[in-house]
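# Close look at the chain arrangement
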Amino acid sequence: MKLVYIASPFAEDVEQNMENARRYCLEAMDQGVTPVAPHLIYPQFLDDSDPAQRNMGTRAGLELLSRCDELWVCGTEVSAGMQKEIQFANGLGIPVRQMETVRQAGPALSL
């Protein structure tokens, strides 16, 4: 299965941007690929407002990207962090694909 790095905005409206990232990941899975979204993982234990921790997260994210088959740029806004990811992918010859739509929120899952 293809491993796809999901790039989408994080800062500004963090809550909405994380919800969008979850939807992009679900859309990617619906398309038969395995999504990787570091901005959904690293904020769980790294403080984005701490420059040293943000740098650690950025470096770890780029390491993950180096192992992916494609980079999907999601949404209509490209942040500075996303631009860095795009440049990194281009430098490694990793294909970059644009995705603009966010699937609509569905019903909550019950466990």
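Read on for an overview of the structure. (Residues numbered from 1 in each chain as written. Predicted model: local features only at pLDDT ≥ 70, side-chain atom pairs only at ≥ 80, totals over all residues. Heavy atoms only, no water.)

### Side note on the overall build of the protein chain
As a reminder of what qualifies: Only DSSP runs of H or I reaching four residues or more are called helices, and only runs of E reaching two or more are called strands; each is numbered from the N terminus. The globule rule used here is 2.2 Å times the number of residues to the 0.38 power, and the radius of gyration it is set against is calculated over C-alpha atoms.
Across its full length, the protein chain holds four helices and four strands. Sequence-ordered secondary structure for the protein chain, helices as α and strands as β, is β-α-β-α-α-β-α-β. Relative to the 2.2 N^0.38 estimate, which gives 13 Å for 111 residues, the radius of gyration of the protein chain is 14 Å and therefore close to what a compact globule would have. In terms of overall dimensions, the protein chain has a C-alpha envelope of 35 × 30 × 25 Å along the principal axes.

### Some thoughts on the pairing of strand 3 (residues 70-74)
For the record, the criterion: Burial here depends on accessible area, computed with a 1.4 Å probe over protein chains only, as a share of the maximum for the residue type. Under 20% is buried, over 50% is exposed, and the range in between is partly exposed. Two strands pair under a simple rule: DSSP has to find at least two bridges between them.
With respect to burial, strand 3 is a largely interior element, five of its five residues being buried. Along strand 3, one buried face is formed by E70, W72 and C74 and the opposite face, lined by L71 and V73, is buried too. Relative to strand 3, strand 1 (residues 3-7) runs parallel, the two being bridged by four bridges. Following the sheet pairing, A7 is matched in strand 3 by V73. Sheet analysis places strand 3 next to strand 4 (residues 96-99), joined by four bridges and oriented parallel.

### Here we look at the pattern of salt bridges
The condition is simple: We define a salt bridge as a contact between a side-chain nitrogen of Lys or Arg and a carboxyl oxygen of Asp or Glu at a distance within 4 Å.
Under the definition given, this model contains five salt bridges. A salt bridge links E70 to K2; its shortest N-O distance comes to 3.0 Å. One end of the pair, E70, is in strand 3; the other, K2, is in the segment before strand 1, with 68 residues separating them in the sequence. Accessibility expressed as a relative area gives 15% for E70, which makes it buried. A relative accessible area of 36% places K2 in the partly exposed class. Notably, a salt bridge pairs E63 with R67, separated by 2.5 Å at the nearest N-O pair.

### Here we look at a negative patch on the surface
Which entries qualify depends on this criterion: Patches in this entry comprise residues that are over 30% relatively accessible and not in a salt bridge; like charges within 9 Å are linked, as are nonpolar side chains (Val, Leu, Ile, Met, Phe, Trp, Tyr) within 5 Å. Surface exposure here means Shrake-Rupley accessible area, sampled with a 1.4 Å probe, where a residue is shielded only by the protein chains that are shown. Under the convention used here, Asp and Glu are negative, Lys and Arg are positive, and both His and the chain ends fall outside the count. In this description, the location of a charge corresponds to atom NZ of lysine, CZ of arginine, CG of aspartate or CD of glutamate.
A cluster of acidic residues, E12, D13, E15 and E77, forms a negative patch at the surface. Mapped onto the elements of the fold, E12 is located in the loop between strand 1 and helix 1 (14-30).

### Observations regarding helix 1
The criterion, for reference: Every helix has an expected span of 1.5 Å times one less than the residues it contains. Contact definition: two residues touch when any of their heavy atoms are within 4.5 Å.
With 17 residues, helix 1 extends 24 Å from end C-alpha to end C-alpha; this agrees with the ideal 24 Å at 1.5 Å per step. For helix 1, the full list of buried residues reads N17, M18, N20, A21, R23, Y24, C25 and A28. In this structure, the buried side of helix 1 is in contact with strand 1, strand 2 (34-36), helix 2 (38-41) and strand 3.

### Some remarks on the sheet that holds strand 3
Operational definition: Throughout, an axis means a line fitted to C-alpha atoms (over the contacting stretch in the case of helices), and angles, computed between N-to-C directions, take values from 0 to 180 degrees.
Pairing within the open sheet is parallel, and its four strands lie in the order 2-1-3-4. The open sheet is flanked by strand 2 and strand 4, the only strands paired with a single partner. Direction aside, the axes of adjacent strands within the sheet are offset by 30 degrees on average. Set on the sheet, helix 4 (residues 80-92) makes contact with strand 1, strand 3 and strand 4; between it and strand 3 the angle comes to about 155 degrees.

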